[in-house]
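Survey of secondary and tertiary structure
Chain residues, written in single-letter form:
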Amino acid sequence: MVCKTSNGYPAEVQTVSVTFLKMLSSYDLGTHYFTPFGFNLKSLQLLPWCSWMIYNVRLGYKTILGVNVVHGALTGAEEAAVALGHTARKPQMDFVYSSGVLVIQHLQENYREYHDFLNYMSTVGDPRNIFSVYFPLWFHLSHTVGIKMIWVAVIGDWFNLIFKWILFGQRPYWWIQETHFYNNDSFPHLEQFHITCETGPGNPSGHAMGSSCVWYVMITSALNFSRPSSTVTSVQSSQRFCLLKSCLWMVFWIIQISVCISRVFIATHFPHQVVLGLLAGMLVAEVFDHIPSLYNASLKAYLHTNIFLFCVAVGFYLLLQSMDINLLWSVTKAKKWCANPDWIHLDTSPFAGLVRNLGALFGLGLAVNSQMFIQSCKGKNAYKSRFKLMCVTATLTSLKLYDSIKMPTHTELLFYILSFCKSASVPFGVVAVIPYFVHLLIGDERKLA
């Protein structure tokens, strides 16, 4: 018998929701907007409804996983039973996973000579390259594109984290070790590599999602820059633009397909996971094409957005934890089935990505609202090719050296704090500090002349 409250929700769901709302309201944030797009704490009144949806989703998972459907979420004991293979799974997902394993085996057996190229493409799709390579280059070419790139990368990766927590996606390199789908004589072998052992859930692919959303921004921005003006109506200019458009989108798809294949090749994702990540990334980037307010967002808007993203992510985590759902189940699997313990890195865990993205967004907010940015990137020097070239050169050199600094991992809390600070310093240096010193250098040269 399920005990329900007057509004129709199970009592335990209502209790968790009310507790979470009280916790947030204690910070006196209810009257503030978290983002420049109009989200506020009043929208969290929908939390009981969200809790009820999660409650029903988990009951659905109990059926998919073959666990008896009873009142409540999947318990820790049931999760452990499923993880250890003591509980039978339904054949639907096993068929999807086994088909993906066949694709991985085909790639590893027939395209072994492309190992170095595919490893490189997996690096190209690494979301961390957005902040250290793509953003510095594009920001000094166009401030609006650089700002949009950070927003798209941060929000896209945040949604990726939430989706991973909801979808509970397996990864190939541990699924084949735990499933009872295969007979003993047909147990598949998948080779692991030094970048295989990701510790978060597998669905959707973060590399595919991050790569597609950022490259979508770059391609559409390049087309906007090269689009013929409305006053130019010659057939020749239109043909040149159509040719350029076809070439750029061809480059986009070649890169995205290569990134997706690389993630499948190294056995860290199933094919359906990279496809979902690819489509989700493009959708996030397309949505941000219609939000012009972010280019002039105040520091207050950046702070409120950070608080909103952090509170929702942590609140969602605590909510599911209170329903006895272990969201760090994938970390245990990764440590158990990774071929080499040295391949397990703390910076691939779910919260590491969250901290890294929030730090980058916070640093960007500080930078674009600083006097250093206004004096350097909004002054006369900002339009000089020499200024932009010097900024790009100094930025890439500095970030290359800065990236060699590794955060200590012996204390998890310390690692997260230092990761936030390091991530915040990257956009602040790219947008404010380095341009300001280049501006002073060019200004001094002009005075001496």
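To start, this report covers the structure provided alongside it. (Residues numbered from 1 in each chain as written. Predicted model: local features only at pLDDT ≥ 70, side-chain atom pairs only at ≥ 80, totals over all residues. Heavy atoms only, no water.)

A few points about the packing of helix H7 (residues 143–167) against helix H9 (residues 206–226)
Definition in use: Orientation is described by axes fitted as lines to C-alpha atoms, over the contacting stretch for helices, and by angles from 0 to 180 degrees between their N-to-C directions. For helices the rule is a DSSP run of H or I covering at least 4 residues; for strands it is a run of E covering at least 2, with both sets numbered from the N terminus onward. Working rule for angles: under 35 degrees goes down as roughly parallel, over 145 as roughly antiparallel, 65 to 115 as roughly perpendicular, anything else as oblique. Crossing chirality is assigned from the near helix's rotation relative to the far helix, an anticlockwise turn below a right angle marking it left-handed and a clockwise turn marking it right-handed. When checking whether two residues touch, look at their non-hydrogen atoms; a contact exists if any pair is within 4.5 Å. Gly is placed with the polar residues, together with every amino acid not listed as nonpolar (Ala, Val, Leu, Ile, Met, Phe, Trp, Tyr, Cys and Pro) or charged (Asp, Glu, Lys and Arg).
Packing of H7 against H9 brings their axes to within 9 Å, and their N-to-C directions diverge by 155°. Classified by the angle between their axes, H7 and H9 sit roughly antiparallel to one another. In this structure, H7 crosses over H9, and the sense of that crossing is right-handed. For the pair H7 and H9, the contacting residues are Val145, Lys148, Met149, Val152, Ala153, Gly156, Phe159, Asn160 and Lys164 in the first and Gly206, Met209, Cys213, Val214, Val217, Met218, Ser221 and Phe225 in the second. Among the residues making up the contact of H7 with H9, the classes are represented as 11 nonpolar, four polar and two charged.

Some points on the pattern of salt bridges
Applied cut-off: Definition used for salt bridges: Asp or Glu carboxyl oxygen within 4 Å of a side-chain nitrogen of Lys or Arg. We call a residue buried when its accessible area falls under 20% of the maximum for its residue type, exposed when it is over 50%, and partly exposed in between, using a 1.4 Å probe and counting protein chains only.
With the rule as written, the count across this model stands at five salt bridges. For Glu191, the salt bridge identified is with Arg112, shortest N-O distance 2.5 Å. You can see Glu191 sitting in the loop between helix H8 (172–178) and H9 and its partner Arg112 sitting in the loop between helix H4 (91–110) and helix H5 (115–124), a full 79 residues away along the chain. Residue Arg112 is classed as partly exposed on the basis of its relative accessible area, which comes to 37%. Linking Asp126 and Arg128 is a salt bridge whose minimum nitrogen-to-oxygen distance equals 2.9 Å. According to the relative accessible area criterion, Asp126 is buried, its value standing at 14%.

Digging into helix H10 (residues 235–265)
We apply this condition: Expected helix span is taken as 1.5 Å per residue step, with the number of steps being one fewer than the number of residues.
Compared with the 45 Å implied by 1.5 Å per residue over 31 residues, the 45 Å span of H10 between its first and last C-alpha is a close match. Immediately beyond the C-terminal end of H10, within one or two residues, lies Ala267, with a positive phi of roughly 65°.

Comments concerning the state of the cysteines
Here is the rule: Here, two cysteine sulfur atoms that lie within 2.5 Å of each other are counted as a disulfide.
One pass over the full model with this rule turns up one disulfide. Bridging Cys197 to Cys338, the disulfide has an S-S length of 2.0 Å. Judged by the sign of its S-S torsion, about 90°, the cystine formed by Cys197 and Cys338 is right-handed. Placement of the pair is Cys197 in the loop between H8 and H9 and Cys338 in the loop between helix H13 (329–337) and helix H14 (350–368), with a sequence separation of 141 residues.

Worth remembering: the numbers are spatial, not functional.
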